[in-house]
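This is what each chain is made of:
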Amino acid sequence: DADSVDTSGPITQVVTEAVPGQGVRRAGSDIAAGSLVAAPGRRILPRDLLIARAAGLAKLSVRRPRLRLVNIPGGTLTADLIAESARDAGAEVSAIAAPGRDAASIASMLDPRDCDLLLTIGGSGVGRRDATVLAMAGRGDVAHGIALQPGRTSAVARIGKTPVVVLPGAPDQALAAWWALALPALDRLSGRQPRKTLGLPLARKIASSVGLAEIVLLARKDGAWVRLAAGELSLEAIARAEAWLTVPGGSEGFAAGAPVDAYMLRE
């Protein structure tokens with residue numbers, strides 16, 4: 001220690017006894033040989049980089065799926081939301097805009113090369129407004145009309161070997177389909193561990209229609225989950241939500257006091 005060394009004279013002197021091992025860590029005391037410090041499927045954190053640098057590693061192998069996002073004119077607000085959500089989930093995002101809302105213009109943008117997951121935003125309505133689905137049907141297999149509320153006009157498809165998710169243009173419907181359909185696909189491509197849930201009892205009953213899976217937004221109060229919105233998600237509810245869950249299509253809901261596991265939206 002510096003306090004044990006006298007440098008006032010012409011010769012530096014140690015003025016206390018040097019105890020063997022004092023101030024020195026033994027080999028393996030920081031990290032034992034063969035130990036696991038970074039589990040597969042977990043996001044790389046700053047402390048992981050510390051360990052890697054201490055171990056002398058110059059590079060780490062990570063999975064960062066390439067996501068191609070095609071925005072149909074009119075859905076810029078939603079496209080920005082989904083792009084930012086995808087980057088937060090660890091994806092490498094490239095965003096482009098279709099030149100028009102007609103099926104031919106959209107089809108020209110459906111290029112699955114150089115991407116692991118293809119997303120489209122908007123143009124997935126019903127009747128004459130489902131131009132995105134028509135464009136998708138000309139390129140590969142597509143299933144339109146998902147029993148999900150909100151998000152019933154979503155679609156899932158495949159062009160070659162590339163999975164495709166068609167998200168509605170409305171922010172609440174797009175978010176619901178993102179959580180229920182696109183994010184699990186992105187997690188699978190990332191190889192990440194299952195997302196953590198928080199189990200709490202419900203403060204009040206949640207009723208749901210049989211035949212539709214409903215997205216419910218929740219917030220914590222007095223150690224229980226409080227429902228903010230179900231089926232229809234306002235921007236205020238989205239802003240306040242701490243977690244979300246899906247009521248299965250075969251269920252009529254959950255009784256008050258029933259424990260439910262919800263996916264966290266906030267750390």
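Residues numbered from 1 in each chain as written. Predicted model: local features only at pLDDT ≥ 70, side-chain atom pairs only at ≥ 80, totals over all residues. Heavy atoms only, no water.

## Quick look at the sheet that holds strand β8 (residues 155-159)
Consideration 1: The mixed open sheet is built from six strands, whose spatial order is β4-β3-β5-β9-β8-β6. One side of each edge strand has no neighbouring strand; the edge strands of this open sheet are β4 (92-97) and β6 (141-144). Sheet twist, expressed as the average angle between the axes of neighbouring strands with direction ignored, equals 15°.
Consideration 2: Across four bridges, the pairing between β6 and β8 is antiparallel. Looking at the pairing, Ala143 lines up with Val156 of β8.
Consideration 3: In the packing of helix α2 (residues 76-88) onto the sheet, the strands contacted are β3 (66-71), β4, β5 (117-121) and β9 (162-167), and the crossing angle to β3 comes to about 175°. (Pairing = 2+ DSSP bridges. Helix = DSSP H or I, 4+ residues; strand = E, 2+ residues; numbered from the N terminus. Axes fitted to C-alpha atoms, helices over the stretch in contact; angles between N-to-C directions. Contact = heavy atoms within 4.5 Å.)

## Remarks on helix α5 (residues 171-190)
Consideration 1: Taking 1.5 Å of rise per residue, the 20 residues of α5 would be expected to cover 28 Å, yet its terminal C-alpha atoms sit only 25 Å apart, more than 12% below that figure.
Consideration 2: At Trp178, α5 is bent by approximately 50°, the largest bend along its length.
Consideration 3: Gly191 lies just past α5 and shows a positive phi near 75°. (Expected span 1.5 Å × (residues − 1). Bend = angle between axes of the 7 residues up to and from the residue.)

## Some details on the packing of α2 against α5
Consideration 1: In contact at an axis separation of 11 Å, α2 and α5 are set at 30° when each is read in the N-to-C sense. As judged from the angle between their axes, α2 and α5 are roughly parallel. Read as a crossing pair, α2 and α5 show a hand that is right-handed. Residue-level contacts link Leu77, Thr78, Leu81, Ile82, Ser85 and Ala86 of α2 to Pro171, Ala174, Leu175, Trp178 and Leu186 of α5.
Consideration 2: Broken down by class, the residue content of the contact of α2 with α5 amounts to nine nonpolar, two polar and no charged. (Parallel < 35°, antiparallel > 145°, perpendicular 65-115°, else oblique. Left-handed = near helix turned anticlockwise from the far one by under 90°. Nonpolar A, V, L, I, M, F, W, Y, C, P; charged D, E, K, R; others polar.)

## Things to note about unusual backbone geometry
Consideration 1: Cis geometry marks the peptide bond from Gln149 to Pro150, where omega comes out at -5°.
Consideration 2: Considering the arrangement of structural elements, one finds Pro150 in the loop between β7 (148-149) and β8.
Consideration 3: In this structure, Asp114 is a non-glycine residue whose phi angle is positive, near 60°.
Consideration 4: Looking at the secondary structure, you find Asp114 in the loop between α3 (103-107) and β5.
Consideration 5: On the basis of relative accessible area, Asp114 is assigned to the exposed category, the value being 65%.
Consideration 6: Phi is positive for Asp222, close to 55°, though the residue is something other than glycine. (Buried < 20%, exposed > 50% of the residue type's maximum accessible area, 1.4 Å probe, protein only.)

## Some remarks on the confidence of the model for the protein
Consideration 1: The predicted model of the protein has a mean per-residue pLDDT of 90, with 99% of residues at 70 or higher.
Consideration 2: Least confident of the elements in the protein is helix α4 (residues 131-137), whose mean pLDDT is 86; most confident is strand β12 (residues 213-221), at 96. (pLDDT = per-residue confidence, 0-100.)

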